[in-house]
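# Residue-level structural notes
Listed here are the chains, written in short residue letters.
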Amino acid sequence: MPVELTWWGHATCTVEDSDIRVLTDPLFVRRLAHLRRRRGAVPPPDAWRADVALVSHLHADHLHVPSLARLAPGTRLLVPRGARRAVPGLRRLGHLEVTEVSAGDVTDVGDLRVRAVPARHDGRRLPVGRHRVPALGFVVEGEARTYFAGDTGLFDGMEKEVGPVDAALLPVGGWGPYLGAEHLDAGRAAEALARLAPRTAVPVHYGTYWPIGMDSVRPHEFHTPGEEFVRLSALRAPGVAVHRLGHGESVRVEVAR
C-alpha cells in the first residue's frame, strides 16, 4: 500500500503507512491565544482520524488539549516523558491511551514502529516552567521511514540519531517574525535535509498562524519560507524531491527497495 503524507497546516500532518494513520501535533483551531490562522481552513473532521497521535513537545501550538480531546476514544497518544505532570489537562483525556516516551523509546502500533528521537528545542510548557520536559522528534517505520522533526534546531549527530529515512517533515518557519537557534528556518532546514538525505521532503510549520495585529511586520517570514526551502534544498540537497504542499494536500512517498 502506498505511503501518503498530508499537511493540514502548522505542524499537523497525517502519515498513512501500512494501513495505520499517524497524526502529528494536532491543532484544530482558528485562534490560539494571540495567534490566528491566516491561511488555510481549520482541518476538517477527516483530519481528526488517527490510530496514533504524536506530540513533539509541550508548547501550546503543539500540545493543544482541546484539539486532542477531539480524537476518537481509544486513539493512542505518545507524549514526551513528564508531560502529564507538566500539563494537567492531559489527565482529563481519559478516552485516549496516553503513553509517555523518551528519546530512544520504540512503540509498536500495528505493523508500524514509532521511534522517539532527540530534538534541540526548549520543551517546557512555559518559558518559566519548572518542569523541564525534553522535546522530541519521531521516526515512523513501516513501508517507509518517515521523520517528523517537531520543532528543532540543528544538532550534532542529527543524522545518526534520526537514522536513514525515506521522507522528512521539516519545520521551515514559525508563527512570529523572528526564529531563534532552536528552530529550523529555510536555510537550516535545507542543511538538515543535506545531512539526512531522504528521498522526499515536505516543509511544515510555516504559513499558517501569525500574531494578531502583526500582519505587516516582516510579512516575508510568513509567506516565503516554503518557497525559500525549495530553492535552497535544490542547491544543498539536489537529490531530494521536495514537495511544497498546500493546506490539506497530500503526496505519496517513493520508497527505495
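Residues numbered from 1 in each chain as written. Predicted model: local features only at pLDDT ≥ 70, side-chain atom pairs only at ≥ 80, totals over all residues. Heavy atoms only, no water.

Before going further, it helps to spend a moment on helix 4 (residues 186–196). The α-helix advances 3.6 residues per turn, and as a result positions three or four apart in sequence lie on the same side. Inspection of helix 4 places Ala186, Gly187, Ala189, Ala190, Ala192, Leu193 and Leu196 among the buried residues, and these make up the whole buried set. Capping the start of helix 4, Asp185 holds a side-chain oxygen 3.2 Å from the backbone nitrogen of Gly187, two or three residues further along. Of the residues trailing helix 4, Ala197 is marked for its positive phi of about 50 degrees. (Buried < 20%, exposed > 50% of the residue type's maximum accessible area, 1.4 Å probe, protein only. Helix = DSSP H or I, 4+ residues; strand = E, 2+ residues; numbered from the N terminus. Polar contact = N/O pair within 3.5 Å; in protein donor to acceptor, adjacent residues only side chain to side chain.)

With mixed pairing, seven strands are arranged side by side in an open sheet as 8-7-6-3-2-1-17. Of all strands in the sheet, those bounded by a partner on one side alone are strand 8 (97–101) and strand 17 (249–253). The average undirected angle you get between the axes of adjacent strands in this sheet is 20 degrees. With five bridges joining them, strand 1 (residues 3–9) and strand 2 (residues 12–17) adopt antiparallel strand pairing. Bridge pairing links Trp7 to Cys13 in strand 2. (Pairing = 2+ DSSP bridges. Axes fitted to C-alpha atoms, helices over the stretch in contact; angles between N-to-C directions.)

Within the fold, Ser18 resides in the loop between strand 2 and strand 3 (20–24). For the pair Ser18 and Pro203, spaced 185 residues apart in sequence, the C-alpha separation works out to 23 Å. In this structure Ser18 touches Asp111, Leu112, Gly142 and Glu143, once residues within four positions along its chain are discounted. Of note is the side chain of Ser18, whose polar atom sits 2.8 Å from the side chain of Asp17. (Contact = heavy atoms within 4.5 Å.)

By the definition in use, this model includes 15 salt bridges. For Glu4, the salt bridge identified is with Arg252, shortest N-O distance 3.9 Å. Taken together, the residues Glu4 in strand 1 and Arg252 in strand 17 connect sequence positions 248 residues apart. Using a relative accessible area of 58% as the deciding quantity, one classes Arg252 as exposed. (Salt bridge = Lys/Arg side-chain N within 4 Å of Asp/Glu carboxyl O.)

None of the figures reported here should be taken as evidence of function without further support.
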